[in-house]
Amino acid sequence: MSALAEEKPAAGSGLAAGTRVRLLPGTWRGEGGRALFGGSPTRMLFLRPAACDVLGEGEFVVTDRRSARLARLLLDRGFAEIAEASGRWSRADVTVVVPVKDRPVALARLLDALGCLRVVVVDDGSTELAATVAATRRPGVTLLCHDTPRGPAAARNTGLGAVTTPLVAFVDSDVVPAPGWLAPLLQQLEDPAVGITAPRIAGLEGEDRGGAVARYEAVRSSLDLGPLPAVVRPGAKVPYVPSACLVGRVAAFGDGFDERMQVGEDVDLVWRTAGSGWLVRYVPAAVVAHDHRVDARRWFLRKAFYGTSAAPLALRHGDAVAPVVVAPMTVAVALAVLVQRPWAVGVAVAGAGAVLVRTAQSLEQSERPWTVAARLAPYGLAASLQQCGAAMTRHWWPAMVPLAVASQRARRAWVAAAVVDGLVDWRRSRPDLDPVSHVVLRRLDDLAYGAGLWWGALKHTTTAPLRPALGRESLGLRRGPATRGGGVGRRWLATWRRGTGTPRR
């Protein structure tokens with residue numbers, strides 16, 4: 001890999017002239033276009049008039065130093081993506097690495113879908129190696145074998161060591177890439193700051209997909225991170241991407257996946273990559289279909305298995321795995337709501353008012369700070385209350401059981417959180433399910449994940465994945481530091497940030 005290693009983008013590096021950049025869908029603009037609300041993590045950003053002129057209606061072409069600096073700022077902070085670039089990368093620059101164990105039929109299906117791409121298949125100790133050999137006997141496919149199973153992380157690393165191209169795609173054997181899946185990912189890799197990209201993981205259509213679990217997974221799969229593109233960071237709207245399919249620079253993957261982890265190794269890799277300075281981008285314009293588990297028992301056990309990853313991830317990444325990330329004042333409002341006492345209403349109103357005042361005071365660059373604060377404060381409070389309710393039904397449910405038995409108020413709060421959260425999610429995701437079925441399946445999803453989380457915490461003797469984190473800057477405006485584009489932050493913007501909590505897997 002060292003012979004192929006690319007230098008990370010240096011401070012001040014820009015994009016190629018002619019690169020077209022556009023704001024991401026869902027970015028709010030106000031105050032004549034100078035105020036932007038969005039990004040990863042979510043924040044408020046104010047632009048100076050010169051930057052507004054370059055941005056125009058939300059899409060512009062990099063032509064000079066000024067436009068390159070603005071593009072770098074918006075791309076780094078998750079407000080924008082590349083809409084069009086020169087096309088430096090092609091399929092010839094990519095090697096696909098496929099880890100597999102005892103899935104010859106699925107492997108053959110995947111290789112058919114990959115077509116003429118260069119592929120390295122790593123068999124991780126299959127019991128019937130001959131079937132894997134037969135499936136890989138085709139042009140452009142190299143087979144490497146582990147004598148004994150070493151896990152998916154080790155299989156991917158073995159394949160990574162055999163890559164001789166600048167780009168690598170890790171693709172699991174139980175997926176089927178849709179036509180044209182690679183082009184949108186390569187387009188985002190035209191940004192020299194992007195190390196890894198990931199497509200949207202949709203459900204595979206076919207037989208036996210009409211059951212309730214299959215219809216729930218079609219909208220609530222842990223692998224499907226939604227229709228909106230984003231920069232992937234801990235605490236962001238898209239905090240992780242799964243290893244079902246990852247495409248990126250060989251240099252960005254560094255030493256590869258942590259072979260000591262049997263679950264969560266993909267989240268760990270993505271967070272280490274983002275922490276080392278690379279951008280990781282979720283690109284839903286690229287779609288890969290996954291063979292979801294739709295058998296109820298296997299589905300439940302898989303959700304619990306995902307939950308066991310929280311403890312080792314928390315030991316490595318700290319508050320990135322916290323079930324709740326909120327500001328102290330928001331905690332006070334949430335507790336006042338949960339107390340369910342007459343006097344608590346006044347406390348909640350006073351706390352919400354304090355949040356509004358603090359937010360308005362921090363919006364010094366806004367032309368209408370109170371108007372903007374009136375929009376932001378309820379948004380932050382609602383998101384924090386939703387986090388608290390979700391934690392009660394997902395991460396903390398084993399602790400809620402004795403509380404609900406002993407306290408009628410705790411029981412009412414728990415039931416209300418379970419029902420409201422389920423109905424809100426049903427309305428948002430629009431599944432092919434009635435509301436009751438969706439709420440029940442969502443609660444079973446949470447039951448399984450929470451059980452796995454507590455089992456992992458006991459196994460690793462840690463409470464780290466159960467502890468909430470306080471976001472000290474959640475409702476404060478601060479001036480942004482200089483970006484990789486150089487010298488932009490203090491002169492161009494200030495940012496309002498809020499914590500968004502832990503990934504839902």
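Residues numbered from 1 in each chain as written. Predicted model: local features only at pLDDT ≥ 70, side-chain atom pairs only at ≥ 80, totals over all residues. Heavy atoms only, no water.

*Asks:* It is not clear to me how the overall build of the protein chain should be interpreted in this structure. Could you clarify?
*Replies:* Counting its secondary structure elements, the protein chain contains 17 helices and 19 strands. Per-residue burial for the protein chain yields a buried fraction of 55% across its 505 residues. Restricting the contact set of the protein chain to residue pairs at least 6 apart, pairs at least 24 apart contribute 74%. (Helix = DSSP H or I, 4+ residues; strand = E, 2+ residues; numbered from the N terminus. Buried < 20%, exposed > 50% of the residue type's maximum accessible area, 1.4 Å probe, protein only. Contact = heavy atoms within 4.5 Å.)

*Asks:* How should helix α15 (residues 408–429) be read in this particular structure?
*Replies:* Along an α-helix, residues three or four apart share an orientation, since each turn contains 3.6 residues. The end-to-end C-alpha separation of α15 is 31 Å, in line with the 32 Å expected for 22 residues at 1.5 Å each. Of all the positions in α15, only Ala410, Ala413, Ala417, Ala418, Asp421, Gly422, Asp425 and Ser429 are classed as buried. For α15, the arc enclosing every buried residue in end-on projection is 150°, short of the 170-degree limit, so these residues lie on one face. The outward face of α15, more than 90 degrees from its buried face, is lined by the exposed residues Gln408 and Arg427. Regarding α15, its N-cap is serine 407, as a side-chain oxygen of that residue lies 3.3 Å from the backbone nitrogen of arginine 409 further along. Following α15 by one or two positions, arginine 430 has its phi on the positive side, about 50°. (Expected span 1.5 Å × (residues − 1). Arc of directions from axis to C-beta. Polar contact = N/O pair within 3.5 Å; in protein donor to acceptor, adjacent residues only side chain to side chain.)

*Asks:* Please clarify how a nonpolar patch on the surface should be interpreted in this entry.
*Replies:* Nonpolar side chains collect at one region of the surface, where Val436, Val440, Leu444 and Leu447 lie side by side and expose about 310 Å² of accessible area between them. For leucine 444, the location among the structural elements is in helix α16 (residues 435–459). (Patch = residues over 30% accessible without salt bridge, like charges linked within 9 Å, V, L, I, M, F, W, Y side chains within 5 Å. Areas by Shrake-Rupley, 256 points an atom, 1.4 Å probe, with all protein chains shown as cover. Salt bridge = Lys/Arg side-chain N within 4 Å of Asp/Glu carboxyl O.)

*Asks:* Quick question: what am I supposed to make of helix α10 (residues 310–317) here?
*Replies:* Of the residues making up α10, those classed as buried are Ala310, Ala311, Pro312, Leu313 and Ala314. On its buried face, α10 is in contact with α8 (265–275), α9 (296–307) and α16. Positive backbone phi, at 60°, marks glycine 318, one or two positions downstream of α10.

*Asks:* I'm lost on the sheet that holds strand β1 (residues 20–23) in this one. Help?
*Replies:* Within a sheet, each strand pairs with its neighbour through backbone hydrogen bonds, oriented either parallel or antiparallel. Strand order in the open sheet formed by three strands is β5-β1-β6, with antiparallel pairing between adjacent strands. Pairing within the sheet leaves two strands with one partner each, and these edge strands are β5 (59–61) and β6 (80–84). With strand direction ignored, the average angle separating the axes of adjacent strands in the sheet is 30°. Sheet topology note: the β1/β6 ladder contains four bridges and is antiparallel. From the neighbouring strand, valine 21 faces β6, where its bridge partner is isoleucine 82. Across the sheet, helix α2 (residues 65–76) is in contact with β1, β5 and β6; its angle to β5 comes to roughly 135°. (Pairing = 2+ DSSP bridges. Axes fitted to C-alpha atoms, helices over the stretch in contact; angles between N-to-C directions.)

*Asks:* Sorry, what's going on with the packing of helix α7 (residues 212–220) against α16 here?
*Replies:* Between two packed helices, both the angle of their axes relative to each other and the distance between the axes serve to describe the pair. α16 packs onto α7 with a crossing angle of 75° between their chain directions and a minimal axis gap of 11 Å. Taken together, the axes of α7 and α16 are roughly perpendicular relative to one another. Contacts between α7 and α16 pair Ala212, Val213, Tyr216, Val219 and Arg220 from the former with His438, Leu441, Arg442 and Asp445 from the latter. (Parallel < 35°, antiparallel > 145°, perpendicular 65-115°, else oblique.)

*Asks:* Before we go on, may I ask you to explain the nonpolar core in this structure?
*Replies:* Within soluble globular proteins, side chains that are nonpolar tend to cluster in buried spots. Grouped together as the largest cluster of nonpolar side chains are 74 residues, with contacts concentrated most on Trp181 and Val241. A per-element tally of this core places strand β15 (residues 279–290) first, with six residues. Ignoring sequence-local partners within four residues, the contact set of tryptophan 181 consists of Leu114, Leu117, Ala169, Val171, Cys245, Val247, Ala286, Val287 and Val288. Among the nonpolar cores identified, the runner-up in size contains 20 residues, and Leu45, Leu47, Leu55 and Leu70 belong to it. (Core = buried A, V, L, I, M, F, W, Y, C linked by side-chain atoms within 4.5 Å.)

*Asks:* Sorry, what's going on with the pattern of salt bridges here?
*Replies:* Working definition: two side chains of opposite charge can pair if their charged atoms are close together. A full pass over the atoms with the stated rule returns 26 salt bridges. Between arginine 220 and aspartate 425 there is a salt bridge, and its shortest N-O distance comes to 3.5 Å. Linking arginine 220 in helix α7 with aspartate 425 in helix α15, this pair joins segments that are 205 residues apart in sequence. Residue classification places aspartate 425 among the buried positions, given a relative accessible area of 2%. Here aspartate 258 makes a salt bridge to arginine 316, at a shortest N to O gap of 3.2 Å. With aspartate 258 in the loop between β14 (245–249) and α8 and arginine 316 in helix α10, this pair connects stretches of sequence that are 58 residues apart. The class for arginine 316 is partly exposed, based on a relative accessible area of 35%.

Coordinates in, geometry out; function isn't part of it.
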